[in-house]
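Structural overview for review
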Amino acid sequence: MKLHGILIGLMMAPLALAQPLRVAILWHQHQPPYENPVTGQYEEPWVRAHGVNDYPWMAEVLKEFPEIKVTFDYTSTLLKQIGDYLSGKAKDAYWRVSEKPLSALSQEERAFIVARFFDLNPRFVEKSPRYRELQAKKARGEAFSDADLQDLRVLWNLYWINIDYIERDPGLRALYRKDRGFTQEDVNYVLKKHLELMATILPLHRELWRKGQIDLITTPYYHPILPILLDKEAIRESNPALSLPKEPIAWPEDAAWQVRAGREYFKALFGQEPKGMWPPEGAVSQKAAELYAQEGIGFLVTDEAILGKSGFPVNPATLTRIYHVEKDGKRVRLFFRHRDLSDRIGFSYSGMPAERAVEDFIGTLLEIRRQVIGQNPNAVLTIALDGENAWENYPNNGNEFRRLLYRRLAEEERKGTLKTVLFSELLSEPSLPIARLGTGGWAGDFAMWAGEPEENEAWDRLARARQAVLDFQAQGGDPKAVEKALGLIYQAQASDWFWWYGQDTGFPNNPPFDEAFRAILQAVYGTIGQKPPEALFIAVRPPVQPQGTPGRVKPTLDGQAGPEEWRGAAYLPDLEGTTMQTQDDLIRGVYLGFDEQHVYLRVDLKEGVRAKDLLGQGYRLHLYATTPKEEGGAAFPEGAEVSLGFPLQQRVTLDLDGVREGQATLVRFAYREGAWVLASSPADLAGRRAWVDQVVEMRIPYTTLRAEAGDTLRLALVLEKGGRVLDTAPNGSPLALSLPQRLAGKEVLRLRDPEGDEHGPGTYTYPKEGAFAPYKGLFDLLEMRVLDSGATWTLVFTFGEMTNPWGAPAGFSHQLLNVYLDFKEGGRTDTFAKGAKVAFDPAHPWDLFLKAAGWPQYGQRVGFPDGTDTADGVVVGSNPADKQVILQLDKKYFNPTPGQRVCLYVLVGSQDGYGPDHFRPVGKEAGPWNLGGAQNEDAPLVVDYLWPEKGIQEAMLSPYGGGKLAVLKPYCLNWPAP
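Anyway, here's the lowdown on the structure attached to this text. Because the structure is a prediction, the values reported are computed rather than measured. (Residues numbered from 1 in each chain as written. Predicted model: local features only at pLDDT ≥ 70, side-chain atom pairs only at ≥ 80, totals over all residues. Heavy atoms only, no water.)

1. A closer look at the overall build of the chain
Counting its regular elements, the chain contains 29 helices and 39 strands. Taking 978 residues into account, the globule formula puts the C-alpha radius of gyration at 30 Å, and the chain, at 30 Å, falls close to it. By its C-alpha atoms, the chain is 105 × 80 × 65 Å across when sized along the principal axes. Within the span of the chain, comprising 978 residues, buried residues form 60% of the whole. Considering only intrachain contacts with a sequence separation of at least 6, the fraction spanning at least 24 residues in the chain is 71%. If you sum the accessible surface of the chain, you get close to 37,600 Å²; carbon and sulfur atoms cover 53% of it. Taking the average place of the 109 positive charges on the side chains of the chain and the average place of its 128 negative ones, the gap between the two points comes to 2 Å. (Helix = DSSP H or I, 4+ residues; strand = E, 2+ residues; numbered from the N terminus. Rg over C-alpha atoms; globule rule 2.2 N^0.38 Å. Buried < 20%, exposed > 50% of the residue type's maximum accessible area, 1.4 Å probe, protein only. Contact = heavy atoms within 4.5 Å. Areas by Shrake-Rupley, 256 points an atom, 1.4 Å probe, with all protein chains shown as cover. Lys, Arg positive; Asp, Glu negative; His and termini not counted. Charge placed at Lys NZ, Arg CZ, Asp CG, Glu CD.)

In structure tokens, the structure reads:
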């Protein structure tokens, strides 16, 4: 029998090796609801923008390749809005100002066009000489004529249309060639074509589905993160470093409603139920999977990281199998996407020629087939990603890439090596059970949607609104009002609102999304006849970026504007005051700095106005601020319903009528129970002073602001007269002030690095986006110090520059530090995760990995050679004024004896939340968001490397290419005695 089995195996082996690797592709198409629940008007245009570019084209191109099968996920919120456009119900703000005659546009609408009609990828702007001309005009701050506005309206609406459709339509093609001098009839023609294209979306998909070439699936209705709705503990399960919202969240009935409503809406539209679902954001947990199973959902697609969290190794063999979770005899199958290949399409291939990108993709698939097909003839590899947003980053909108990708897949299918399949075709095949499904999503954890203060506050606001509805219902409230209010609650559960909150997105607290989310919750209270809480009127805005970082100053306080005494301070020009030039716009700019005990501000007034000219006229200057560790706050400053972008918890007031001999005492107020109350303490009376002459200079003790070293405050200045706000600085967003930590401990080590070598192998250049100004110093590591702080080591990394344009909670946005330590036998010579694209000296494998970035979820980790990591025992912070990143490490991980040999690899990268292991990509040419100077795709993502001697870094990072990575040598030393 044993011999017979061997013979059977030998006979079957060639058959197995002859099988193709099956490839299941999922394109996820989604947009959040853009209808304002208060006004009923649609605001953002992205359903329409993608509806004339991606949605119809993605289906239509498949007709050219009938062998290719793919799965499309369409969310209910997207499908509904497509229908609303076609019925005439939906007209977004961009549409409304486009169709309106120029003569009927208000000043606000004209300003909206100038501000927002450059909202498309720079690739498109570059194609049009007129578009480039208009963009340059905007950059110079010049006024737009009627002809400029008309051209801009046509170009924005035209360039969102897929280039294939433009070339196919004689009218669109003529406008594309014309490039300028457009008329209102031209605008109307383009808008008419938008509706014609959008009308083809569903018929195209229905036709392909009926033929069996595609499958259509959907998501829970409003695209919520189901694991969090089921239990907020899922946030911490996804990443123990994340903090939780304060309010209770455990809403299984809401989660079930979302699944059922999504399935039922889909069935009503297409006539049959979807066989599977894309869990929103790929988010799953054991509880969520069980709910999907109980609701009869056949399959889910999620990320490979969840397979690893479920106790399986992540490799080609495991990723090409089918799994299931079972509950009470009901199963839901799970497919885990190959993240790297999916992300190559989403983020990397746009920077490569289409031929090379497609061959890289096909070659990787064939290599995976070689590895797995012998052991698993039924192997299926999952590719899943956003089907909308990647293409605008590709040359020619990615049309050539997609066509070539499908052509090559079809060629390989004819060879018998690869075969595209639908997930729904595989549900009867054997699957492996998962005892406990890990918690997380396509990004690994839920950090993009929870954990930061703004995100958690959004969850808490939602929870409080939901509880208000339930209380209203329990008290016998109108059932119709309850039903309508709960519908708004479900809408507010969409993942999109939370994505835009916090500082871990490229556009933190995006105003339209913040306003829409708060409008939904305000409408909840209005529906049940209650006044919305004041907190729902507080706009959440990231801090503005002044010129420079607030630093240490020693000004001579006399109300004079000395040229040097404010050196080291940050300067914020009040741009509104310089452009509008109204009588009330008096503030020209603000300086902000500090010393070890005081915060200093200097306020300059517009040209020709001295501060002392305002004395005796009823003016008051207020500094509004947050109070560290305090909650709540006023929505608006006294005298105006204009949010300053943060909760106003305290106010320090200078009464310009109370100035005597150039000096005045500042008075503090605190916001308590809806009112401002006097809260000044006599203890720091002498320290609270203002000097008024040519300018206003203010000195405010830390104690007045209730702040300590290491605290971060949000600040804004308001000029008020007679109870009416005249001017604010900044306008709608706060200033941020991070008071430096006091570093404790004895210095045991100091290593210096050459200045000006933040160029990797010597060729790298900065990204071009304005967030990377001043385009030098941000990645230039100057020195590393190690302090013995008792139970911890304090590692201090000093950089040439430090800014925080995205408001990272640790006080720095750009720097990404990877530190590898070799201090014992064994270890690894590859990086902890695929990111830096370097290898390490085989003679010095690493034993401990430290990661530091401005966001806890990106870089507050300790890693080990076995692949595990933890946030326990490591704290990441900064001293922005001193341009320092600070990492505190518990000595339980690393505590060498004096004289012990220790080797260090200290890598500096550019932090990118979407990059591999959060490293920013490097291309051949620098783009808005990528570094430049790479020779090929093997280029290291290391911008600076710690080595005291000049030239060594460049020599180590230069040898790469042909599949080989640069190999780093460590800096070794004998550990100093304390």
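There is more to say, and it comes next.
2. Some points on the environment of leucine 134
Within the secondary structure layout, leucine 134 lies in helix α8 (residues 129-139). Under the relative-accessibility criterion, leucine 134 is labelled buried at 0%. For the pair leucine 134 and phenylalanine 118, spaced 16 residues apart in sequence, the C-alpha separation works out to 9.3 Å. Beyond its immediate stretch of four places on either side in the chain, leucine 134 contacts Phe118, Phe144, Asp148, Asp151, Leu152 and Leu155.

3. Considering the sheet that holds strand β20 (residues 696-701)
The sheet built from six strands is open, its strands ordered β11-β12-β13-β20-β19-β16 with antiparallel pairing. The sheet is open, and its two borders are formed by β11 (570-573) and β16 (663-664), each paired with just one other strand. In terms of strand pairing, β16 meets strand β19 (residues 689-692) through two bridges, oriented antiparallel. Bridging across to β19, alanine 664 finds its partner in alanine 690. (Pairing = 2+ DSSP bridges.)

4. Structural notes on helix α11 (residues 170-178)
Looking only at α11, the buried set comprises Leu172, Leu175 and Tyr176. For α11, the arc enclosing every buried residue in end-on projection is 100°, short of the 170-degree limit, so these residues lie on one face. What points out from α11, more than 90 degrees from its buried face, is the exposed set Pro170 and Arg177. Packing partners of the buried residues in α11 comprise α7 (122-127), α9 (146-159), α10 (163-168) and α12 (184-198). (Arc of directions from axis to C-beta.)

5. Thoughts on the side chain of glutamine 286
By the secondary structure assignment, glutamine 286 is in helix α17 (residues 286-294). Of the residues examined, glutamine 286 reaches a relative accessible area of 7% and is grouped as buried. Of note is the side chain of glutamine 286, whose polar atom sits 2.7 Å from the backbone nitrogen of leucine 437. Residues in contact with glutamine 286, not counting those within four places in the same chain, are Val325, Ala435, Arg436 and Leu437. (Polar contact = N/O pair within 3.5 Å; in protein donor to acceptor, adjacent residues only side chain to side chain.)

6. Thoughts on the pattern of salt bridges
Enumeration according to the criterion identifies 76 salt bridges in this entry. The salt bridge involving aspartate 164 is made with arginine 403; its shortest N-O contact spans 2.8 Å. Separated by 239 residues along the polypeptide, aspartate 164 in helix α10 and arginine 403 in helix α22 (residues 399-415) bring together distant segments of the chain. Since its relative accessible area comes to 22%, arginine 403 is described here as partly exposed. Taking the shortest distance from any N to any O, the salt bridge between aspartate 340 and arginine 344 comes out at 2.6 Å. Residue aspartate 340 and its partner arginine 344 are both found in helix α20 (residues 339-348); the two are separated by four residues, about one turn of the helix. (Salt bridge = Lys/Arg side-chain N within 4 Å of Asp/Glu carboxyl O.)

7. Quick notes on the pairing of strand β27 (residues 815-822)
Taking burial as the measure, the eight residues of β27 include eight buried ones, the bulk of the element. Neither face of β27 is left uncovered, since the one carrying Gln815, Leu817, Val819 and Leu821 and the one carrying Leu816, Asn818, Tyr820 and Asp822 both have all their residues buried. Pairing of β27 with strand β34 (residues 901-910) involves eight bridges; the strand directions are antiparallel. Counterpart to asparagine 818 in the pairing with β34 is leucine 907. Strand direction decides the pairing type here: β27 and strand β29 (residues 848-852), joined by five bridges, are antiparallel. Across the sheet, asparagine 818 pairs through a bridge with lysine 851, a residue of β29.

8. What to know about the packing of aromatic side chains
Applying the stated rule across the entire model yields 65 aromatic pairs. Judged by centre distance (6.2 Å) and plane angle (70°), the ring pair of tyrosine 34 and phenylalanine 513 falls under edge-to-face. Here phenylalanine 513 lies in helix α26 (residues 511-527) and tyrosine 34 lies in the loop between β1 (21-29) and α2 (46-51), a separation of 479 residues in the sequence. Just as tyrosine 34 is buried, phenylalanine 513 falls in that class too. Put simply, the rings of Tyr34, Trp459, Trp497, Phe498, Trp500, Tyr501, Phe513 and Phe517 touch in pairs and so form one group of aromatic residues. Positioned above the aromatic ring of phenylalanine 144 is the side chain of lysine 137, whose terminal nitrogen or guanidinium carbon lies 5.9 Å from the ring centre. (Phe/Tyr/Trp six-rings, centres within 6.5 Å; stacked < 30°, edge-to-face > 60°. Lys NZ or Arg CZ within 6 Å of the ring centre and 35° of its normal.)

9. What to know about the nonpolar core
Trp27, Ile345, Phe401, Phe797 and Leu907 are the most contacted members of the largest nonpolar core, which has 244 residues in total. Contact partners of phenylalanine 401, with chain neighbours within four places excluded, come to Ile345, Tyr349, Ala354, Ala357, Val358, Trp391 and Tyr394. Listed in part, the 40 residues of the second largest apolar core include Leu586, Val652, Val692 and Leu737. (Core = buried A, V, L, I, M, F, W, Y, C linked by side-chain atoms within 4.5 Å.)

10. Notes on the state of the cysteines
Working definition of a disulfide: a covalent bond connecting the sulfur atoms of two cysteines. In the structure shown here, the tally under the stated rule is one disulfide. Through a disulfide, cysteine 903 is tied to cysteine 972; the S-S separation comes to 2.0 Å. Judged by the sign of its S-S torsion, about 105°, the bond between cysteine 903 and cysteine 972 is right-handed. Remark: cysteine 972 occurs in strand β39 (residues 971-974) and cysteine 903 occurs in strand β34; sequence separation between them is 69 residues. Both residues of the pair, cysteine 903 and cysteine 972, belong to the buried class. (Disulfide = S-S within 2.5 Å.)

11. Quick word on the packing of helix α6 (residues 107-116) against α9
Taken N-terminus to C-terminus, the directions of α6 and α9 make an angle of 50°; their axes are 10 Å apart at the nearest point. The angle between the axes of α6 and α9 places the two elements in the oblique class. For the crossing formed where α6 meets α9, the hand is left-handed. Counting all contacts with α6, which are made through Arg110, Ile113, Val114 and Arg116, the residues of α9 involved are Asp146, Leu149, Leu152, Arg153 and Trp156. Grouping the amino acids of the contact of α6 with α9 by side-chain chemistry returns five nonpolar, no polar and four charged. (Axes fitted to C-alpha atoms, helices over the stretch in contact; angles between N-to-C directions. Parallel < 35°, antiparallel > 145°, perpendicular 65-115°, else oblique. Left-handed = near helix turned anticlockwise from the far one by under 90°. Nonpolar A, V, L, I, M, F, W, Y, C, P; charged D, E, K, R; others polar.)

12. Topic: the pairing of strand β25 (residues 781-788)
With seven of eight residues buried, β25 is to be regarded as a mostly interior element. Bridging between β25 and strand β26 (residues 792-799) involves seven bridges; their strand directions are antiparallel. Residue pairing for β26: arginine 785 is matched across the bridge by valine 796. Hairpin connection from β25 to β26: three residues lie between these consecutive antiparallel strands, with glycine 790 at a positive phi of about 90°.

13. Description of the sheet that holds strand β33 (residues 884-890)
Reading across the sheet, the five strands line up as β24-β25-β26-β33-β32 and stay open at both edges, with antiparallel pairing between neighbours. Both outer strands of the open sheet, β24 (746-752) and β32 (874-879), are each paired with one neighbouring strand and no more. Strand-to-strand twist in this sheet, taken as the mean axis angle between neighbours without regard to direction, amounts to 20°. Where β24 meets β25, six bridges bridge the pair, whose relative direction is antiparallel. Counted as the bridge partner of arginine 752 is glutamate 783 from β25.

14. Focus: helix α16 (residues 252-270)
Look at α16: 27 Å from first C-alpha to last across 19 residues, which is about the 27 Å you get at 1.5 Å a residue. For α16, the full list of buried residues reads Asp254, Ala255, Ala256, Gln258, Val259, Ala261, Gly262, Arg263, Phe266 and Phe270. Immediately beyond the C-terminal end of α16, within one or two residues, lies glycine 271, with a positive phi of roughly 85°. (Expected span 1.5 Å × (residues − 1).)

15. Observations concerning the packing of helix α23 (residues 453-474) against helix α24 (residues 479-492)
At a minimum axis separation of 10 Å, α23 and α24 run at an interaxial angle of 165°. Between α23 and α24, the angle falls in the class roughly antiparallel. Between α23 and α24 lies a crossing of left-handed hand. Only Ala481, Val482, Ala485, Leu486, Ile489 and Ala492 of α24 make contact with α23, whose side of the interface consists of Leu462, Ala465, Arg466, Val469, Phe472 and Gln473. In terms of residue class, the contact of α23 with α24 is made up of 10 nonpolar, one polar and one charged.

16. Description of the environment of leucine 782
Checked against the element boundaries, leucine 782 lands in strand β25. The sequence separation of leucine 782 and proline 533 amounts to 249 residues, and the corresponding C-alpha distance is 49 Å. Residues contacting leucine 782, with those up to four places away along its chain left out, are Leu751, Arg752, Asp753, Glu755, Thr798, Phe799 and Gly800.

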